[in-house]
Amino acid sequence: MSKGSRRFALLAGVVAVAAASVATTAATAAAAPPPVTPFVVGGEDTTTQENPFVVALLSADGQRLQDTRGQFCGGTLAAKNKVVTAAHCTVDIKDRPDQVQVAIGRTKLSTEEGQVLKVKAIWVHEQYDADKTTADVSVLTLEGDSDAKPMELADTSDEGYTPGAEAVALGWGLTSDNGEPSDTLKKVTLPVTSDEACKTAYPDGYVAEAHVCAGVQEGGKDTCQGDSGGPLVGSGGKLIGIVSWGEGCAQPGKYGVYSRVSTYLEDIKKQLGDGSEGQRR
Ligand code: ARG
């Protein structure tokens, strides 16, 4: 193909993509592409003071480096000494809890802020299925208690699961598809989608019982690699989801998929043990 015709082919491709996106976003007014904002993806800076329940999982031995800081996943404090995260974050090291440490109260990972606690035990949900990414849930038992206030977990009746309700996802993950991770904790507000919308996005991948989606049809805001295991906080202020997977990050029509906490609530609560605020009823 000559340069000229290749350029034309490229242009034709762009036009075709633009036309397709007009077709798919027709309901959402304009055809303008979403602004590409480099954060969580499409989010803003926040702090662990404002979100004390968010934690970073750090590699203890440098083997699991996502980047120089050794942060490889996120998590949520669900009791003073318990962290809820994703099974895909911990399954490889489930018998070696010395391989991970938890940073609490560290807004900027490049600092020594906050506490770093060792991990005593790792529980991975017995039904975790890596192919279907169902039961993507894990609980870490910390060696000490944290001073931070744990977050409560949502049950099936939680208002946060209502389609359209605004949820907040948090993490230190990539700030664009194939981009750079963030030194500073980021947050992004995302509407929870209906089962139908998520099934349309992922006809083979979405399992309504195991998953809940959040995001916008036009893309531009999402969680991304490195955010896994971190929180999706519902409008009622409880943990409704755990960052799990998605096709790319912030792609149009491809919502982020989160483990549905309410489905696994009883299993998680069993792991939280006594004296946990997260377990209070
Ligand atoms: N699996 C990723 C991780 O390990 C999280 C991906 C989330 N993707 C998304 N598009 N929301 O960090």
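Residues numbered from 1 in each chain as written. Predicted model: local features only at pLDDT ≥ 70, side-chain atom pairs only at ≥ 80, totals over all residues. Heavy atoms only, no water.

An unreviewed UniProt entry lists the protein under the name Trypsin, from Amycolatopsis xylanica. Recorded in UniProt for the protein, the comment headed Sequence similarities (unreviewed entry) runs: "Belongs to the peptidase S1 family." (UniProt positions renumbered as here; feature names shortened; annotations may be inferred.)

(A) How the structure looks around the sheet that holds strand β4 (residues 82–85). Pairing in this closed barrel of 6 strands is antiparallel, and the strands run β2-β3-β4-β7-β6-β5 around the ring. The sheet shows a mean angle of 40° between the axes of neighbouring strands, direction not considered. One ladder, built from 5 bridges, connects strand β2 (residues 54–59) with strand β3 (residues 71–79); its direction is antiparallel. Bridge assignment links L58 to a residue of β3, and that residue is Q71. (Pairing = 2+ DSSP bridges. Helix = DSSP H or I, 4+ residues; strand = E, 2+ residues; numbered from the N terminus. Axes fitted to C-alpha atoms, helices over the stretch in contact; angles between N-to-C directions.)

(B) Here's a closer look at the site of the ligand. Neighbouring residues of the ligand: 15 residues in total, closest D222, T223, G226, S228 and G248. For the ligand, an oxygen atom lies 2.4 Å from a polar atom in the side chain of S228. One of the backbone nitrogen or oxygen atoms of G248 is found 2.9 Å away from a nitrogen atom of the ligand. Contact with the protein chains covers 90% of the free accessible surface of the ligand, which is 350 Å². Split into classes, the residues belonging to the shell around the ligand amount to 4 nonpolar, 9 polar and 2 charged. (Near = heavy atom within 4 Å. Polar contact = N/O pair within 3.5 Å; in protein donor to acceptor, adjacent residues only side chain to side chain. Areas by Shrake-Rupley, 256 points an atom, 1.4 Å probe, with all protein chains shown as cover. Nonpolar A, V, L, I, M, F, W, Y, C, P; charged D, E, K, R; others polar.)

(C) Highlighting helix α4 (residues 265–272). Among all positions of α4, only L265, I268, K269 and L272 are buried. An end-on view of α4 places all buried positions within 100° of arc, on one side of the element. Buried residues along α4 sit against β3, β4 and β7 (138–142). Within two residues after α4, G273 carries a phi angle of roughly 70°, on the positive side. (Buried < 20%, exposed > 50% of the residue type's maximum accessible area, 1.4 Å probe, protein only. Arc of directions from axis to C-beta. Contact = heavy atoms within 4.5 Å.)

(D) Structural context of unusual backbone geometry. Positioned with a positive phi, T133 is a non-glycine residue whose angle comes to about 50°. Relative to the helices and strands, T133 is located in the loop between β6 (115–124) and β7. For T133, a relative accessible area of 15% corresponds to the buried category.

(E) Focus on the state of the cysteines. Counting across every chain of the model gives 3 disulfides. Across the disulfide, C73 is cross-linked to C89 (sulfur-sulfur distance 2.1 Å). An S-S torsion of about -85° defines the bridge between C73 and C89 as left-handed. Taken together, the residues C73 in strand β3 and C89 in helix α2 (residues 87–90) connect sequence positions 16 residues apart. Like C89, C73 is buried. Between the sulfur atoms of C198 and its disulfide partner C213 the distance amounts to 1.7 Å. One end of the pair, C198, is in helix α3 (residues 195–201); the other, C213, is in strand β10 (residues 211–214), and 15 residues separate them in sequence. By sequence order of its bonded cysteines, the protein has the disulfide arrangement 1-2, 3-4, 5-6. (Disulfide = S-S within 2.5 Å.)

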